[in-house]
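Notes for the structure review
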Amino acid sequence: MNPHGAILVVEDTPESLLLISEVLMSRNYEVCTATSGEEALVLAQAQSPALILLDMCMPGMDGIECCRKLKANDITANIPVIFLSSTTDSDDKTEGFSAGAVDFVSKPFDFNELLARVRTHLELSQLNHHLSALVDEKIVALQLSQMRFRALMEHAPEAILVFDVDANHFVDANLKALQLTGRSLAELCKLGPENLYAVDETSTRLIAENVRMKSDAAKAGAEPVFERIIVRPDGTRTHCEVHLSLMPRDVGYLIRASFIDISQRIAANKKIQHLAYFDQLTGLLNSQGFEPKLKDLIEQRAHSDQEPFALILLDLDDFKYVNDVYGQEIGDKLLCHVATCLNQLKPTEGFVARRGGDEFMVLIPHLHETPIDVLATDMLTKIAAPSHLNGVRINTTASMGICIYPGNGDNHLDLLRNCDMAMYQGKTQGKACFQLFDSILRREFMERVELVDALTVAIDENQFEVYYQPQIDLQSQSVVGLEALVRWHHPKQGMISPARFIPLAEETGLILPIGRWVLREACRQLREWLDQGLNPIPVSVNLSTRQFQDHTLLDFIDEVLTETHLPPELLDLEITESCAMLSPQQSIQIMNDIRQRGVHLSIDDFGTGYSSLSYLIQLPVNVMKIDQSFVRNINNDPKAGTLCDSINFMAHRMGMKVIAEGVETDAQLKFLLSIAVDMVQGYLFSKPLPANRVVPFIHANPGREIWGVAEFI
């Protein structure tokens with residue numbers, strides 16, 4: 001069987017029909033026959049032959065009409081038709097070709113010619129079918145590709161626009177692109193990228209030039225990535241990241257432009273930047289945001305006329321007291337209040353920052369506008385004005401250190417460090433003031449740093465010693481107590497005054513290990529004296545503010561008493577009036593806990609802390625000590641004497657004993673005897689003694705003649 005398919009032979013002459021059929025079948029062609037045009041139409045539609053040999057001249061429906069009907073039918077339209085004709089008229093052939101025939105075979109037949117033409121047209125028909133199938137396949141593939149491309153575009157997470165570089169306008173866009181731009185596809189296909197971008201400070205001409213540059217890069221095979229702001233017709237702006245890539249095309253250039261909305265990322269970056277460079281409580285710059293501005297100003301002035309500028313470092317005085325007494329919420333509001341004050345007073349081009357905690361920095365770029373001393377005074381005055389925060393009246397002050405560039409530092413670190421030095425000096429001089437930096441301050445600061453280092457070494461190497469100052473009962477004229485006082489023997493500098501290192505130890509926190517050591521050593525020493533036969537007398541140990549506020553204080557007292565086996569009533573802890581009044585309710589609780597252990601308590605330096613009597617009467621105190629500053633002026637200032645008398649009277653009425661400190665003259669002693677003070681201590685009787693001289697001093701038991709007490713009784 002021939003692979004090409006059946007051949008329909010249409011011939012009204014039976015002899016010709018039989019002859020043609022036999023010739024074809026002899027070549028293994030499958031043959032079907034028809035004797036009329038009508039029959040041919042039915043068979044052609046039913047069997048779809050590969051080729052039709054059609055007699056041109058037949059009774060009824062002739063070959064021309066039959067061919068036209070075959071070509072008019074979609075089922076048979078593509079079947080090739082060869083006319084069998086005895087005519088040689090060219091007009092007939094023209095009409096046949098017009099009807100759709102592919103060839104003519106003349107009668108009488110040359111069967112070799114007939115077979116050749118049949119073979120040729122069957123092969124052509126098969127080739128046409130193959131080509132048609134390929135075309136259909138390509139069309140389907142192209143349609144599928146277009147569907148996939150459209151699906152990818154529509155399901156892509158970003159907005160996609162297709163830009164025709166040569167035509168300079170968009171030719172396609174997905175739904176997200178329509179939503180992003182606020183335009184229809186028809187509108188977009190009339191626009192280029194420059195019509196979508198925000199102009200801002202860049203001219204339209206420059207935007208168009210930038211579009212051309214990015215397009216050229218994409219045409220060259222690069223995939224440019226950049227940021228642009230898309231503006232909708234209603235003015236809405238969207239910050240986008242744009243990715244360009246070249247699309248395949250036979251002629252010209254198409255560029256795929258992907259627009260990713262990065263508005264949230266931009267907002268997040270701004271928030272991160274704000275968190276990194278601004279203080280979240282006050283809204284001021286923080287150190288990270290302030291220091292670059294300080295560096296930039298130094299850089300500018302270093303390469304210009306070096307116009308001077310000022311840097312102010314400000315620290316609130318006793319801010320911890322506000323936080324402890326009124327709570328953190330009030331403390332935070334106070335910091336915001338100070339930030340507002342500084343912002344209101346700073347020059348227009350100045351900067352204010354919160355360095356951290358209760359420290360602020362102010363940068364004054366131009367000093368000719370307002371003298372720095374006037375500006376600093378205004379700031380201190382503004383901050384010191386009473387403020388009402390959550391219904392609470394708060395009074396606060398600040399201390400300032402000021403540096404001037406050039407002269408007080410060559411870089412930002414030097415300026416900040418020198419401001420620190422100046423501010424520290426201001427605090428040591430009484431707070432609530434400003435201090436300009438000078439070279440003397442630096443020398444003092446370095447000495448302070450060296451002393452702190454030496455103090456740390458002293459703690460590690462146990463360079464301290466406890467001295468004891470006797471406390472004398474004015475009725476029995478005997479030693480009834482000892483005050484433990486720390487002394488520092490420096491290996492090179494010798495004895496260093498407590499007035500130098502105690503305030504420094506308080507400030508740096510080193511007072512905590514020093515104070516613990518003194519308490520343990522005093523209890524140990526007293527235990528040793530008792531074991532040697534000394535009559536029981538109490539030892540007084542000063543508690544620093546840091547010790548008193550240490551949450552482990554009670555546990556440490558228990559530990560020392562257990563370790564030394566010292567009766568608790570022989571330990572007297574001295575607390576300054578100002579320390580007790582920092583947080584009165586908390587102080588009362590701690591002092592009650594101490595008294596429950598049997599330990600005695602004394603109020604030291606009474607009269608200097610501005611305490612409230614309503615709290616004072618609640619303090620579980622055994623002894624009140626009159627500060628030596630009042631005793632020193634008893635004979636020179638009537639008010640001092642009156643105050644000592646009042647303190648003594650009040651303490652006795654509250655059931656307390658009274659000790660007067662710093663007694664150095666007979667006149668002072670005479671006055672104290674006249675108001676019936678219970679005990680005294682001071683250089684008139686004895687300086688603080690090292691431990692090895694205490695017991696001999698007590699055993700000597702000097703009488704009235706030696707102390708000079710008898711003549712006043």
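Residues numbered from 1 in each chain as written. Predicted model: local features only at pLDDT ≥ 70, side-chain atom pairs only at ≥ 80, totals over all residues. Heavy atoms only, no water.

1. Overview of the overall build of the protein chain
We apply this condition: Each helix corresponds to a stretch of at least 4 residues labelled H or I by DSSP, and each strand to a stretch of at least 2 residues labelled E; elements are numbered beginning at the N terminus. Atoms counted for the radius of gyration: C-alpha only. Globule rule: 2.2 Å times the number of residues to the power 0.38. In this scheme, a residue with accessible area under 20% of its type's maximum is buried, one over 50% is exposed, and one in between is partly exposed, where area comes from a 1.4 Å probe on protein chains only. Contacts were defined at the residue level, with two residues in contact if any of their heavy atoms lie within 4.5 Å.
Counting its regular elements, the protein chain contains 27 helices and 27 strands. Here the C-alpha radius of gyration of the protein chain, 55 Å, is well above what a compact globule of 713 residues would show, namely 27 Å. C-alpha extents for the protein chain along the principal axes are approximately 180 × 65 × 50 Å. Burial status across the protein chain gives 46% buried among its 713 residues. Sequence separation of 24 or more characterises 61% of the internal contacts of the protein chain that already satisfy a separation of 6 or more.

2. Describing the sheet that holds strand 7 (residues 169-173)
Threshold: Two strands make a pair as long as DSSP finds a minimum of two bridges between them. Note on geometry: axes are lines fitted to C-alpha atoms, helical ones only across the stretch in contact, with angles between N-to-C directions running from 0 to 180 degrees.
Spatial ordering of the open sheet is given by 7-6-10-9-8, a layout of 5 strands whose pairing is antiparallel. Each of the sheet's edge strands pairs with one partner strand only, and the pair in question is strand 7 and strand 8 (225-231). The average angle at which neighbouring strand axes cross in this sheet is 35°, direction not considered. Two elements, strand 9 (residues 237-247) and strand 10 (residues 254-261), share 8 bridges in a ladder whose sense is antiparallel. Paired with Leu 246 across the strands is Ile 255, a residue of strand 10. Across the sheet, helix 9 (residues 263-277) touches strand 8, strand 9 and strand 10, and the angle it forms with strand 9 is around 125°.

3. Comments concerning the layout of surface pockets
Which entries qualify depends on this criterion: In this analysis the probe radius is 1.4 Å and the grid spacing 1 Å, with only protein atoms considered; a cavity is a set of points the probe fits into but cannot get out of, a pocket is an open set with protein on both sides within 12 Å along at least five of seven lines, and lining residues have an atom within 4 Å of a point. Grid points are joined across faces, edges and corners, and a volume is the space filled by probe spheres set on the points. Residues are grouped as follows: Ala, Val, Leu, Ile, Met, Phe, Trp, Tyr, Cys and Pro are nonpolar; Asp, Glu, Lys and Arg are charged; every other residue, Gly included, is polar.
In this structure, the second largest pocket spans a volume of roughly 290 Å³. Val 480, Pro 538, His 600, Val 623 and Met 679 are, among the 20 residues lining the second largest pocket, the residues nearest its centre. Where the lining of the second largest pocket is concerned, the elements lending two or more residues are strand 18 (464-473), strand 19 (479-490), strand 21 (539-543), strand 22 (571-576), strand 23 (600-606) and strand 25 (657-660). With 3 residues, the top contributor of residues to the lining of the second largest pocket is strand 19. Class assignment for the residues of the lining of the second largest pocket results in 9 nonpolar, 6 polar and 5 charged.

4. Describing the nonpolar core
The condition that has to hold: Nine residue types can take part in a nonpolar core, namely buried Ala, Val, Leu, Ile, Met, Phe, Trp, Tyr and Cys, and a core is a set of them joined through side-chain atoms within 4.5 Å.
Ranked by internal contacts, the top residues of the largest apolar core, which has 83 residues, are Tyr 468, Trp 488, Leu 571, Leu 573, Ile 594, Leu 672 and Val 680. Residues Ile 312, Leu 314, Ala 339 and Cys 341 belong to the second largest nonpolar core, which totals 31 residues.

5. Here's the deal with empty space enclosed by the protein
For the structure shown, the criterion picks out 3 cavities of 30 Å³ or more. Of the volumes computed, that of the largest cavity is approximately 120 Å³. Contributing to the lining of the largest cavity are 14 residues, with Pro 193, Tyr 197, Val 211, Ser 215 and Leu 244 lying nearest its centre. Elements with a minimum of two residues in the lining of the largest cavity: helix 8 (204-219), strand 8 and strand 10. Grouping the amino acids of the lining of the largest cavity by side-chain chemistry returns 10 nonpolar, 2 polar and 2 charged. Reported here for the second largest cavity is a volume of approximately 50 Å³.

6. Let's talk about the pairing of strand 22
Burial analysis of strand 22 places 5 of its 6 residues in the buried class, which makes it a mostly covered element. Across 5 bridges, the pairing between strand 21 and strand 22 is parallel. What sits directly across from Leu 543, in strand 22, is Ile 575. Where strand 22 and strand 23 come together, 5 bridges link them in parallel fashion. Note on strand 23: the bridge partner recorded for Ile 575 is Ile 603.

7. A look at helix 16 (residues 498-508)
We apply this condition: Taken from the helix axis, the directions to the C-beta atoms give the arc we talk about. Definition of a polar contact: a pair of N or O atoms within 3.5 Å, with one able to donate and the other able to accept a hydrogen when the atoms are protein atoms, and with sequence-neighbouring residues admitted only if both atoms are side-chain atoms.
Of all the positions in helix 16, only Phe 501, Leu 504 and Ala 505 are classed as buried. Down the axis of helix 16, the buried set is contained in an arc of 105°. They therefore lie on one face. Two or three places before Ala 499, at the opening of helix 16, Ser 497 has a side-chain oxygen 3.1 Å from that residue's backbone nitrogen. Directly after helix 16, the chain includes Gly 509, whose backbone phi takes a positive value near 90°.

8. A look at the pairing of strand 19
Summarising burial for strand 19: 10 of the 12 residues are buried, a large majority. As paired strands, strand 18 and strand 19 are joined by 9 bridges and run antiparallel to one another. Each residue of the ladder has a partner; that of Ile 472, found in strand 19, is Val 479. A loop of 5 residues connects strand 18 with strand 19, the two strands running antiparallel in sequence, and Gln 477 in this loop sits at a positive phi of about 50°. Pairing of strand 19 with strand 21, which is carried by 3 bridges, proceeds in the parallel orientation. By the bridge assignment for strand 21, Glu 483 is matched with Ser 540. Sheet analysis places strand 19 next to strand 20 (residues 494-496), joined by 3 bridges and oriented antiparallel. Each residue of the ladder has a partner; that of Trp 488, found in strand 20, is Ile 496. In this structure, the hairpin formed by strand 19 and strand 20 is closed by a connection of 3 residues.

9. Observations regarding the packing of helix 3 (residues 63-72) against helix 4 (residues 90-99)
Rules: Orientation labels follow simple angle bins: below 35 degrees gives roughly parallel, above 145 gives roughly antiparallel, 65 to 115 gives roughly perpendicular, and whatever is left gives oblique.
Close contact between helix 3 and helix 4 brings their axes to 8 Å; oriented N to C, the two are set at 20°. One element, helix 3, and the other, helix 4, form an angle in the roughly parallel class. On helix 4, the residues touching Ile 64, Cys 67, Arg 68 and Lys 71 of helix 3 are Glu 95, Gly 96 and Ala 99. Taken together, the residues that form the contact of helix 3 with helix 4 break down as 3 nonpolar, 1 polar and 3 charged.

10. Section: a negative patch on the surface
To keep it simple, the criterion reads: Each patch is built from salt-bridge-free residues with over 30% relative accessible area, joining like charges within 9 Å and nonpolar side chains (Val, Leu, Ile, Met, Phe, Trp, Tyr) within 5 Å. Surface accessibility in these figures is a Shrake-Rupley result with a 1.4 Å probe; residues are shielded only by whichever protein chains are displayed. Any carboxyl oxygen of Asp or Glu within 4 Å of a side-chain nitrogen of Lys or Arg constitutes a salt bridge here. Note that His is not counted, nor are the chain ends; the positive residues are Lys and Arg, and the negative ones are Asp and Glu. The atoms used to mark charge sites are NZ of Lys, CZ of Arg, CG of Asp and CD of Glu.
Together, Asp 438, Glu 444, Glu 447, Glu 450 and Asp 453 make up a region of like negative charge exposed at the surface. Within the secondary structure, Asp 438 sits in the loop between strand 17 (434-436) and helix 15 (439-461).

11. Focus on a nonpolar patch on the surface
A cluster of nonpolar residues, Leu 124, Leu 127, Leu 131 and Leu 134, forms a patch on the protein surface that exposes about 320 Å² of accessible area. Position of Leu 124 among the secondary structure elements: in helix 5 (residues 111-155).

12. Concerning the environment of Gln 126
Tracing the backbone through its elements, the reader meets Gln 126 in helix 5. Judged by relative accessible area, Gln 126 falls into the partly exposed class, the value being 43%. The spatial distance from the C-alpha of Gln 126 to the C-alpha of Ala 50 is 8.4 Å, given a sequence separation of 76 residues.

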